[in-house]
Amino acid sequence: MITPYRYGPVDIWPGQRPSLCGLLKWMASDTFHWLGDDYRHAPPPGEETFTDLHIRHLRQAMGDRLKVIQFTKMQESFNGADWELWIHNRSHGIGLRIQAKKQSRKGQYGFWYWLHERSALQCDLLVHDAIITQCVPVYLLYNHRGPWTVAQGLAKGLCGHTASDQSHYGCTLLSAFHVQAALFRLVIDNDLYGHYRNISHQRLRQMSAPWNQVLCDVQEPKEVRDSRGVATLKEIQRRSAALEQSGLEALGRVDPEGFSTPSQVQRDHSDLGDAPELRTRLDETPAMGDAQTALRPLPQRVLRLLEADDPCPPEPDVPTSAVVLYDVTDAEERLVNERGRLYHS
Ligand SMILES: [Zn+2]
């Protein structure tokens, strides 16, 4: 007898797969409980371990819908643990540039992180690299405390798929621009010794939203056939744009005193010398301006990765530990939603 492969709350029979929402929700719950348990008994693993595990789960559960390209060179010292997640229909899609941050036992995150090799704050590098790679820059927060009230404006667009014990708050997405705004305030006040104390970790956390509820791919059955997953992509793009817009508004409320990045202020105050200036959203046209109406074509680089057979492609121009490509097409395939009920998307 064939037994279903149990993935958290979802039974998956051979030939079936969970929704992205269902899997992300399960991984968030697992992270939430794992972090909570380890802080009670021992130090929990680092961000890279969680990232590796999440990519492994995605790969294992999603089959040929997922393509993972992992880069071999050790990039950690250059940019932390950045990876990219692209949700696409082979021609269009949305990319997230992700920096993971684990919540400490006391509920804080290591947002203040100066990378000496590049003489810059990790947050500014995240934004810079995201602009180059045409992604939305986000922190992926790993939490063991929750739930909280997601900020107004973000909450109303989220999908309604939640865990009964609220453990879906284990993995949440936060616009990097919120963090940039907080860091700007810190360095402009020249408060070099209050890095942890004076960042409101709790307030930033409330600006984040559960990742499954932002990246939900569950669509109610529709009259019109949508095998290209256009409606799904538009929804994900709309929610990601709202996340980003919330961060940009926070950044807009900061007076940068003529500086382009918090890194530049810090170098100026600390006499750290010059470094190549980083790109900011300030010198871009609004990245997600047309997000409500049109899907964005995939960049050439991503299309090439989609087509490439080589498991070890040449190192990318921008340091990246992995690129994960999730294909939403072929909507006739049977999905299993979070209650285990089968339906056609
Ligand atoms: Zn959902």
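Up top is the structure.
All figures in this text were calculated on a predicted structure; none of them were measured in a lab. (Residues numbered from 1 in each chain as written. Predicted model: local features only at pLDDT ≥ 70, side-chain atom pairs only at ≥ 80, totals over all residues. Heavy atoms only, no water.)

Asks: It is not clear to me how the environment of leucine 126 should be interpreted in this structure. Could you clarify?
Replies: By secondary structure assignment, the location of leucine 126 is in helix α4 (residues 122-133). Sequence separation between leucine 126 and aspartate 82 is 44 residues, and the spatial gap between their C-alpha atoms is 7.7 Å. Setting aside residues no more than four positions away along its own chain, leucine 126 makes contact with Asp82, Arg97, Ile98, Gln99, Pro137, Val138, Tyr139 and Ala176. (Helix = DSSP H or I, 4+ residues; strand = E, 2+ residues; numbered from the N terminus. Contact = heavy atoms within 4.5 Å.)

Asks: Explanation requested: unusual backbone geometry in the structure shown.
Replies: Note on backbone geometry: most residues besides glycine have negative phi, and most peptide bonds are trans. Residue proline 147 is bonded to the preceding glycine 146 through a cis peptide linkage, with omega at -5 degrees. Locating proline 147 in the fold gives a position in the loop between β9 (136-142) and β10 (171-175). Although it is not a glycine, glutamine 166 adopts a positive phi angle of roughly 65 degrees. Mapping glutamine 166 onto the fold places it in the loop between β9 and β10.

Asks: What am I meant to see in the packing of aromatic side chains here?
Replies: Geometry of an aromatic ring pair is reported as the spacing of the ring centres plus the angle between the planes. Applying the stated criterion across every chain yields a total of five aromatic pairs. Between tryptophan 148 and tyrosine 169, the aromatic rings sit 4.7 Å apart at their centres with planes inclined by 70 degrees, giving edge-to-face as the arrangement. Separated by 21 residues along the polypeptide, tryptophan 148 in the loop between β9 and β10 and tyrosine 169 in the loop between β9 and β10 bring together distant segments of the chain. Connected via pairs of aromatic rings, a cluster forms that spans Trp34, Phe50 and Tyr142. (Phe/Tyr/Trp six-rings, centres within 6.5 Å; stacked < 30°, edge-to-face > 60°.)

Asks: Please clarify how the coordination of the zinc ion should be interpreted in this entry.
Replies: Six octahedral donors around a metal ideally make angles of 90 or 180 degrees; four tetrahedral donors ideally make 109.5 degrees. Taken together, the protein ligands of the zinc ion are Cys21 (SG), Cys159 (SG), His161 (ND1) and Cys216 (SG), with distances of 2.0 to 2.3 Å. Sequence positions of the donors to the zinc ion reduce to the motif C-x137-C-x1-H-x54-C. Here histidine 161, found in the loop between β9 and β10, pairs with cysteine 216, found in the loop between α7 (211-214) and α8 (230-252); they are 55 residues apart in sequence, far enough to count as distant. Of the two residues, histidine 161 and cysteine 216, both sit in the buried class. (Donors = N, O, S within 2.8 Å, 3.2 Å for Na, K, Ca; no water. Buried < 20%, exposed > 50% of the residue type's maximum accessible area, 1.4 Å probe, protein only.)

Asks: Explain the packing of helix α1 (residues 20-41) against helix α2 (residues 47-62) to me, please; I cannot follow it from the model alone.
Replies: How two helices sit against one another is set out by the angle between their axes and by the gap between those axes. Contact geometry for α1 and α2: axes closest at 11 Å, N-to-C directions at 145 degrees. For the pair α1 and α2, the sense of crossing is right-handed. Contacts between α1 and α2 pair Leu20, Leu23, Trp26, Met27, Asp30, Thr31, Trp34 and Leu35 from the former with Thr49, Phe50, Leu53, His54, His57, Leu58, Ala61 and Met62 from the latter. Of the residues that constitute the contact of α1 with α2, the class distribution is 11 nonpolar, four polar and one charged. (Axes fitted to C-alpha atoms, helices over the stretch in contact; angles between N-to-C directions. Left-handed = near helix turned anticlockwise from the far one by under 90°. Nonpolar A, V, L, I, M, F, W, Y, C, P; charged D, E, K, R; others polar.)

Asks: Would you explain the pairing of strand β5 (residues 83-88) in this entry?
Replies: Looking along a regular strand, one sees side chains alternate from face to face of the sheet. Judged by how many residues are buried, β5 sits mostly within the fold: six of six residues are covered. Side chains Trp83, Leu85 and Ile87 of β5 all project onto a buried face; the interleaved residues Glu84, Trp86 and His88 project onto the opposite face, where all are buried too. Strand direction decides the pairing type here: β5 and strand β6 (residues 93-102), joined by six bridges, are antiparallel. The residue of β6 that forms the bridge with histidine 88 is glycine 93. Taken together, the five bridges between β5 and strand β12 (residues 322-327) define a ladder with parallel strand orientation. Residue glutamate 84 lies in a different strand from β12, and its bridge partner there is valine 323. (Pairing = 2+ DSSP bridges.)

Asks: Is there a simple way to think about the packing of helix α5 (residues 176-188) against helix α9 (residues 262-270) in this case?
Replies: Where α5 contacts α9, the axes come no closer than 9 Å and their chain directions differ by 20 degrees. The orientation of α5 with respect to α9, classified from their angle, is roughly parallel. Along this stretch, α5 crosses α9, giving a crossing that reads as left-handed. Residues Gln180, Leu183, Phe184, Val187 and Ile188 of α5 form the contact with α9, whose own contacting residues are Pro262, Val265, Gln266 and His269. Classifying every residue of the contact of α5 with α9 gives six nonpolar, three polar and no charged. (Parallel < 35°, antiparallel > 145°, perpendicular 65-115°, else oblique.)

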